[in-house]
Structure formats: structure tokens, C-alpha cells
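Fold and contact review
Listed below, chain by chain, are the residues.
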Amino acid sequence: MYYKSNIKEDAREKMIKDNLNEIQKRINDACVRCGRDEASVKLIAVSKTKPVDMMREVMEAGVVDFGENYVQELCDKIEEIKEPVVWHMIGHLQTNKVKYIVGKVALIHSVDSLKLAEAIDKEAGKKGVKQDVLIEINIGEEATKTGIGLEAAMNLVKEASKLENIHICGLMCIPPVVDEPENSRPYFRQIAMLKEEIEKLNLPGVDMRELSMGMTGDFEVAIEEGATFVRVGTAIFGARNYNK
Ligand SMILES: *Cc1c(COP(=O)(O)O)cnc(C)c1O
């Protein structure tokens, strides 16, 4: 048990419930604004660095999708949590760690190279599973961020679509940090356009149904631009204790 929290339990449980109610309301309002069905947007609770007992409080409020960034922490939590959770790997993934998570997570959001796609494919083949993945786009073309550039993305999708044991389900992005949520909109829009372009190719093994975009600071804008998964950590769990 090394993911400990220090907030008093009762107060914490109430905080989480209130936070989730508020977020769900904001999701619903965003859907109404852009004429989308609320059921088309899934909330992923991003629980990195947060303790399992806190995650259970989130589950009790009805959330089933959880996102984690670090392979070790993810595997520890999968071991410990017996409740039916849909796990999402949203952090950067190294090829040598692929074996620990393939077949255990519903969706890997962070495929950004053919090498990584091939490693996942190989492991999935070994385990006799088909692994759902998203292609992570470095939409701001930032040197410090993972993800594949916009230009190279199309080619990666084409090549990765030939791999038999992975299933490409859509795109993911983390736009550059901006002052105003509104400033994320052009990035989200670009991702949505790329999704459409890829759809037009009709590649076998590719089904562009998911857009994983939007976090605490900008999930409403992301929904307006077509997000099907929003990844929210801070607004649910509160600030993370250290910078991870
Ligand atoms: C940490 C993280 C999030 C959640 O960020 P918040 O701002 O805390 O909502 C979402 N996506 C990814 C990839 C992350 O690493």
C-alpha cells in the first residue's frame, strides 16, 4: 500500500462525490451545447499517484473507466482492485514494458511509433488477444512531448493497420499548455479533421470511433470538438502531491 493519501476519509468521499457531480453536469452541458448525446462521451478518471481507496470512492459514484500513466503503478492497481474496472494506459509506453499490460488494459492510448505498435502486436499475438489502441498525436509538435507528428501520423496508421493483433480505434492528444481552454480548440479541431481523413481511407483493422482528448482544464472544449473520451484527474481527485 504505497499510494497513500492524507485527507480525512469522510471529507474526501464527499469531495469526490461533489467533484464527480459537477464534472458530469459540465459534460452534459457541453453535450447539450453542441447537440451531442451524453452517452457518446465517456469519462476516464485519471488516478495516477492516487490511492486505491480513493479510486474505490470514484467507482462507488459509478465510474468504471480509469486511466493510469505508469506501468508499475498500473499493474499494482490491477492486482489490488478486484472490482470490474476498465483500464486505460494513457502514459508513454516503452516497448520493453509492453508485455506487462497487453491483454490487461482495455485500451492503450499512447501508440506513437511503428516500433511500439509492432511490440504490442507481437505480445498480443503471443497471448492470443486483440489489443485496442489509439494513436497519440503530438499536435503541438512539441519537442518535450511524446506522440507522433501530424504529418507522420497518416503513415503510422497505414503501417500499423497491417498488424493483425492490434485494433486501431482512434486518436489521442495532449495539446500544448494554454492559458484559456478556448485556446485548445484549434488543436482539438485538427485532431478531429485528421480522424476524418483517416476514416476516408477505409483501412482494414482501423475504426476511427474514438477521440481521446480533453483534461481538467479543457474537457468541455474537447467535447464540443468531438471527444469521446475525456481524461480527467485533478478535477476528480484534487491536485496531485508531486509533479508526475
Ligand atoms: C495526468 C493526465 C491527465 C489528467 O490531467 P488533469 O489535468 O489532472 O485532469 C490526462 N491525460 C494524461 C495523458 C495525463 O498524463
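Residues numbered from 1 in each chain as written. Predicted model: local features only at pLDDT ≥ 70, side-chain atom pairs only at ≥ 80, totals over all residues. Heavy atoms only, no water.

Looking at the overall build of the chain
The helix and strand tally for the chain stands at nine helices and eight strands. A globule of 244 residues ought to have a C-alpha radius of gyration of about 18 Å, and the chain, at 17 Å, matches this closely. Across its three principal directions, the C-alpha atoms of the chain cover 50 × 40 × 35 Å. With 244 residues in all, the chain has 50% of them scored as buried. For the chain, contacts bridging at least 24 residues in sequence account for 62% of all contacts bridging at least 6. For the chain, the exposed surface amounts to about 11,800 Å²; the carbon and sulfur share of it is 50%. Distance from the positive charge centre (34 side chains) to the negative charge centre (41 side chains) of the chain: 4 Å. (Helix = DSSP H or I, 4+ residues; strand = E, 2+ residues; numbered from the N terminus. Rg over C-alpha atoms; globule rule 2.2 N^0.38 Å. Buried < 20%, exposed > 50% of the residue type's maximum accessible area, 1.4 Å probe, protein only. Contact = heavy atoms within 4.5 Å. Areas by Shrake-Rupley, 256 points an atom, 1.4 Å probe, with all protein chains shown as cover. Lys, Arg positive; Asp, Glu negative; His and termini not counted. Charge placed at Lys NZ, Arg CZ, Asp CG, Glu CD.)

Comments concerning the pairing of strand β6 (residues 166-173)
In the case of a regular strand, side chains alternate between the two sheet surfaces. Counting buried residues along β6, eight of its eight residues qualify, which places the element largely inside the surrounding structure. Alignment of strand β5 (residues 131-137) against β6, held across seven bridges, turns out to be parallel. Bridge pairing links Leu-134 to Gly-170 in β6. One crossover worth recording links β5 to the parallel β6 by way of helix α6 (residues 150-160), and it is right-handed. The pairing of β6 with strand β7 (residues 206-212) spans four bridges and is parallel. Bridge pairing in β7 links Leu-171 to Leu-211. In this fold, β6 hands off to helix α7 (residues 185-201), which returns the chain to β7; that crossover is right-handed. (Pairing = 2+ DSSP bridges. Right-handed = clockwise from strand over helix to strand, strands pointing away.)

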